[in-house]
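Descriptive analysis of the structure
Given next are the chains, with one letter for each unit.
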Amino acid sequence: MDALQIKRPRDVRFWIAMAVMVLAAALFAIIARSVWTTAPVLKQDMQVSVWLHTHGSPVFTAFLLAITQMHSTAGIPVMAAIAAYFIWRHGDRYWVLSLALAVPGGLLLNVILKHLFNRARPSWDDPLLTLASSSFPSGHTAGATLFYGFLAAYMVWRMRNTAARILAVAACAFMVALVGFSRIYLGVHFLSDVLAAASISTVWLVACLVGVRAYARRHSGSAPQPAP
C-alpha cells in the first residue's frame, strides 16, 4: 500500500508532463504548417502587430525595450548560469543537469528552426527595432520559456505550500508572456512566432526534465529527482 502511495504521484506527474508535451507539440505543428504554407490564418498576425504598433507610448516602449534586452539570447544564459550556481549550492545536482540541457539545447533548436523556416520579420516604415535575422520562432520567447519554465518546475518541486507553488508558476508564466508580448509590441515578431517558440520550447523543456529524472532514478535512487 505504501509503495503504491509513493508511486502514484510520480505516475501522475509523468502523465501530466506527457500531456503537456503532446499539446505543445500539436500547437507548434499547427502554427508551423500555417507559416510554411502561408495560410490565411496568419493574417491575424499582422492585425495584432499593426494594432500594437499604432497604440504604443514612449514610457511603455522604454520599459519593454529593457525587458527584451534583459531576456536576449545572451542574457538568458547568464541568468541560467546564476540560477544553476544557487541550485548547485542547494545540492540539487540533477536539476542543474536539467537546466544545462534545457536552456542551451532549446536555444540551439530555435536557431535551427529559424534557418529552416527563414521567415521574414514584420516590416515597418518607422521601426522601433531593426533585426536582420529570421523571425520564426522567437528566440527571446524561447529563452524565456526555457528559463522560467524550468524555474517554475523547480520551485513547484522545492515548495511545500500550495499557494506558494501557484504564485511561483503564475509569476513565471507572466514573465514568459511579458517577454513574448514585448517582441510583438516592438515590431520584431509576429504573434505566431511567439506562440510557436513557447510551444516548441515547452516540448524541449519537458523532454529534458523527464529524461534527466529517468536518468537520476536509474543511477541514484536516493538523490533528489527533478520532476516536471
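One can find the structure itself at the top, above this paragraph.
About the cut-offs
- Residues numbered from 1 in each chain as written.
- Predicted model: local features only at pLDDT ≥ 70, side-chain atom pairs only at ≥ 80, totals over all residues.
- Heavy atoms only, no water.
- Salt bridge = Lys/Arg side-chain N within 4 Å of Asp/Glu carboxyl O.
- Helix = DSSP H or I, 4+ residues; strand = E, 2+ residues; numbered from the N terminus.
- Buried < 20%, exposed > 50% of the residue type's maximum accessible area, 1.4 Å probe, protein only.
- Axes fitted to C-alpha atoms, helices over the stretch in contact; angles between N-to-C directions.
- Parallel < 35°, antiparallel > 145°, perpendicular 65-115°, else oblique.
- Contact = heavy atoms within 4.5 Å.
- Nonpolar A, V, L, I, M, F, W, Y, C, P; charged D, E, K, R; others polar.
- Expected span 1.5 Å × (residues − 1).
- Core = buried A, V, L, I, M, F, W, Y, C linked by side-chain atoms within 4.5 Å.

Attention now goes to the pattern of salt bridges. Taken as a whole and judged by the stated rule, the model has two salt bridges. Residue arginine 158 is joined to aspartate 92 by a salt bridge in which the shortest nitrogen-to-oxygen separation is 3.0 Å. In this pair, arginine 158 sits in helix α6 (residues 139-158) while aspartate 92 sits in the loop between α4 (75-89) and α5 (93-117), placing the two residues 66 residues apart along the sequence. By relative accessible area, which is 37% here, arginine 158 ends up partly exposed. Arginine 119 is paired through a salt bridge with aspartate 193; the nearest N and O atoms lie 2.7 Å apart. Here arginine 119 is found in the loop between α5 and α6, whereas its partner aspartate 193 is found in helix α8 (residues 191-219), with 74 residues between them in sequence. Per residue, the accessibility class of arginine 119 equals that of aspartate 193, and both read buried.

Here the focus is the packing of α6 against helix α7 (residues 162-185). Two numbers describe how α6 lies on α7: the axes approach to 9 Å, and their chain directions differ by 175°. Considered as vectors, α6 and α7 are oriented roughly antiparallel to each other. Touching His140, Thr141, Ala144, Thr145, Tyr148, Leu151, Ala152, Met155 and Val156 of α6 are Arg165, Ala168, Val169, Cys172, Met175, Val176, Val179, Gly180 and Arg183, all from α7. Class assignment of the residues belonging to the contact of α6 with α7 gives a composition of 12 nonpolar, four polar and two charged.

Taking 1.5 Å of rise per residue, the 20 residues of α6 would be expected to cover 28 Å, and the 28 Å separating its terminal C-alpha atoms lies within 8% of that figure. Counting buried positions along α6 yields 15 of 20 residues, so the element is predominantly enclosed.

For the rest of this paragraph, the subject is the nonpolar core. Counting 36 residues, the largest nonpolar core has Trp95, Leu99, Val103, Phe147, Tyr148, Phe150 and Leu151 as its most contacted members. Breaking this core down by element, the ones donating at least two residues are α3 (58-70), α4, α5, α6, α7 and α8. The biggest single contributor to this core is α6, with nine residues. Setting aside its immediate chain neighbours within four residues, valine 103 contacts Ile76, Ala80, Leu146 and Phe147. Ranked by size, the runner-up nonpolar core spans 15 residues in total, among them Phe28, Phe117, Ile200 and Val203.

Moving on: the environment of alanine 152. Tracing the backbone shows alanine 152 in helix α6. Remark: the alpha-carbon pair of alanine 152 and isoleucine 166, spanning 14 residues in sequence, is separated by 9.3 Å. Beyond its immediate chain neighbours, meaning those up to four positions away, alanine 152 contacts Val169 and Cys172.

So yeah, pure geometry; function would need other evidence.
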